[in-house]
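# Per-entry structural report
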Amino acid sequence: MAARFVDFLLIGGGLAAANCARWLREEGADGSILLVGREPDPPYNRPPLSKGYMQGRESRDEVLFRPDEWWEEQRIELAVRTSVMNVDLSERVATLSNKDEVRFDKALLATGANARRLRVDGCDLDGIHYLRVFANSKTIREDAAQAERVILIGGSYIGTEVAASLASSQGKACAIVMLEDVTLERQFGKEVGGFFQGVLEDHGVEIHGGQELERFEGSDAVRKVVTKGGLELEGDCVVIGAGVLPEVTLARSAGLELGEAGGVKCSSRLESSVPGIYAAGDVCEYDSPIHGRPMRIEHWDVAFNQGKTAALNLLGRETEHDVIPYFFSDLADWSSMEYVGPGSGEPVIRGSLEDGNFTAFYVDDDRVTAALTVGRSDDLEHATRFIKERSTPDRAALADEGTDLGSL
Ligand SMILES: Cc1cc2nc3c(=O)[nH]c(=O)nc-3n(C[C@H](O)[C@H](O)[C@H](O)COP(=O)(O)OP(=O)(O)OC[C@H]3O[C@@H](n4cnc5c(N)ncnc54)[C@H](O)[C@@H]3O)c2cc1C
């Protein structure tokens with residue numbers, strides 16, 4: 001017999017679950033809300049972990065989703081350091097790690113993602129880090145402070161942002177080792193990725209592209225990174241940023257259908273294969289009405305907005321998630337970018353890469369599918385409209401700064 005009942009069970013203590021809780025209350029939900037998260041901290045924003053918090057510019061309190069007292073004021077019960085171990089979806093009962101059994105009416109699964117681990121020789125040596133939670137960021141900052149040289153494995157967001165943060169805030173020697181030829185190439189292509197690589201190199205970050213990690217060397221702690229191409233780099237602190245994998249352990253054991261990208265398969269209203277059970281954030285693979293296909297996107301803004309859409313649907317509002325995904329990234333205070341997409345195609349550049357003031361519109365089959373901007377936020381509004389309306393603006397006009405984007 002289940003011990004207690006809640007109207008809304010929100011599983012996962014990240015941004016998606018937190019924002020869902022907030023919007024349930026903002027939209028008038030009166031029933032009981034229980035948010036269960038396995039981390040020791042209440043919900044917080046992860047982006048500062050590789051940026052302001054790692055640089056020592058932002059405090060823990062500034063990074064929290066809401067101050068501690070807010071949860072009680074909102075009558076949202078927060079169970080931290082607690083995992084949902086099992087969910088019986090036919091009985092609608094969850095078993096928690098503290099042995100509580102919770103019967104629920106509706107549930108949100110927002111279990112997020114975990115850092116992808118690289119199992120190579122020497123991977124268990126001290127001084128090798130991943131970055132996902134508060135404690136990781138603090139440990140990396142402290143470990144880097146003692147290190148001669150930090151090596152970042154991976155040339156995507158984590159690798160580039162952490163290199164910029166440690167080089168700018170600690171003056172630390174940093175080197176990036178990556179499979180791609182240029183940083184952020186997979187996301188934005190060689191030309192635009194090359195712009196960010198230039199920013200990093202101008203600030204002293206060493207970059208080694210086209211290198212596959214073979215092993216780490218050291219006796220107790222890491223001392224060297226060796227690649228399959230024969231590159232050997234001395235380094236006594238390593239941060240690996242090799243992508244994330246959706247955390248679907250619970251979803252799988254509960255029998256929820258998974259999608260091709262490995263997330264919880266959801267409708268455009270973020271409802272899973274079981275009616276009344278929704279998913280949001282990094283774990284959610286939803287049928288995007290904007291893109292016309294299933295998508296799983298690991299962005300802060302997506303988790304935030306999906307949390308809201310899920311709340312509306314938990315309240316029976318029948319709302320499709322038709323928000324264009326937005327993303328931002330900072331390389332310390334050297335450069336920052338914003339992106340709407342995701343999309344593919346050839347970049348059409350408006351402005352100047354040399355001056356660090358440009359927008360790249362990604363055009364595929366004449367349609368704008370995505371855009372990245374550095375220093376020209378206003379262009380994003382037009383890009384969002386192009387994507388939403390499936391516009392086919394003339395490439396030359398897109399590139400021509402004399403043409404008003406509003407007229408296209
Ligand atoms: C260092 C870093 C920097 C980032 N920077 C940016 C950025 O600049 N821009 C951007 O757009 N995005 C950024 N992101 C990505 C963004 O933070 C994520 O997309 C977002 O946090 C996803 O939120 P979520 O709630 O879906 O999942 P998560 O934040 O992963 O939260 C899920 C939570 O659920 C918990 N959980 C899992 N299983 C269970 C269970 N069974 N029971 C209880 N709890 C469970 C997990 O422990 C976790 O706390 C960054 C991420 C990191 C790590």
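The preceding data block contains the structure.
Here is a short report on the structure shown in this document. (Residues numbered from 1 in each chain as written. Predicted model: local features only at pLDDT ≥ 70, side-chain atom pairs only at ≥ 80, totals over all residues. Heavy atoms only, no water.)

### Points about the sheet that holds strand β15 (residues 237–240)
One open sheet accounts for five strands, arranged β8-β15-β9-β10-β11; its pairing is parallel. Edge strands, defined here as strands with exactly one partner in the open sheet, are β8 (128–130) and β11 (206–208). Shown here is a sheet whose adjacent strand axes are inclined to one another by a mean of 20°, direction ignored. As defined by bridge partners, β8 adjoins β15 across three bridges and the pair is classed as parallel. Bridged to His129 within β15 is Val239. Against the sheet, helix α5 (residues 157–170) touches β9 (149–153), β10 (173–177) and β15, its axis set at about 170° to β10. (Pairing = 2+ DSSP bridges. Helix = DSSP H or I, 4+ residues; strand = E, 2+ residues; numbered from the N terminus. Axes fitted to C-alpha atoms, helices over the stretch in contact; angles between N-to-C directions. Contact = heavy atoms within 4.5 Å.)

### Observations regarding the pattern of salt bridges
One pass over the full model with this rule turns up 24 salt bridges. Where Lys51 meets Glu161, a salt bridge forms, and the shortest distance between an N and an O atom there is 3.0 Å. Placement of the pair is Lys51 in the loop between β2 (33–36) and α2 (60–63) and Glu161 in helix α5, with a sequence separation of 110 residues. No difference in accessibility class separates Lys51 from Glu161, as the two residues are buried. (Salt bridge = Lys/Arg side-chain N within 4 Å of Asp/Glu carboxyl O. Buried < 20%, exposed > 50% of the residue type's maximum accessible area, 1.4 Å probe, protein only.)

### A few points about helix α4 (residues 134–146)
With 13 residues, α4 should reach 18 Å at 1.5 Å per residue; the first-to-last C-alpha distance of 19 Å fits that figure. By the burial criterion, the buried members of α4 are Phe134, Ser137, Ile140 and Ala144. Buried positions in α4, seen along its axis, are confined to an arc of 135° and lie on one side of it. Against the buried residues of α4 lie α2, β8, β9, α5 and β15. (Expected span 1.5 Å × (residues − 1). Arc of directions from axis to C-beta.)

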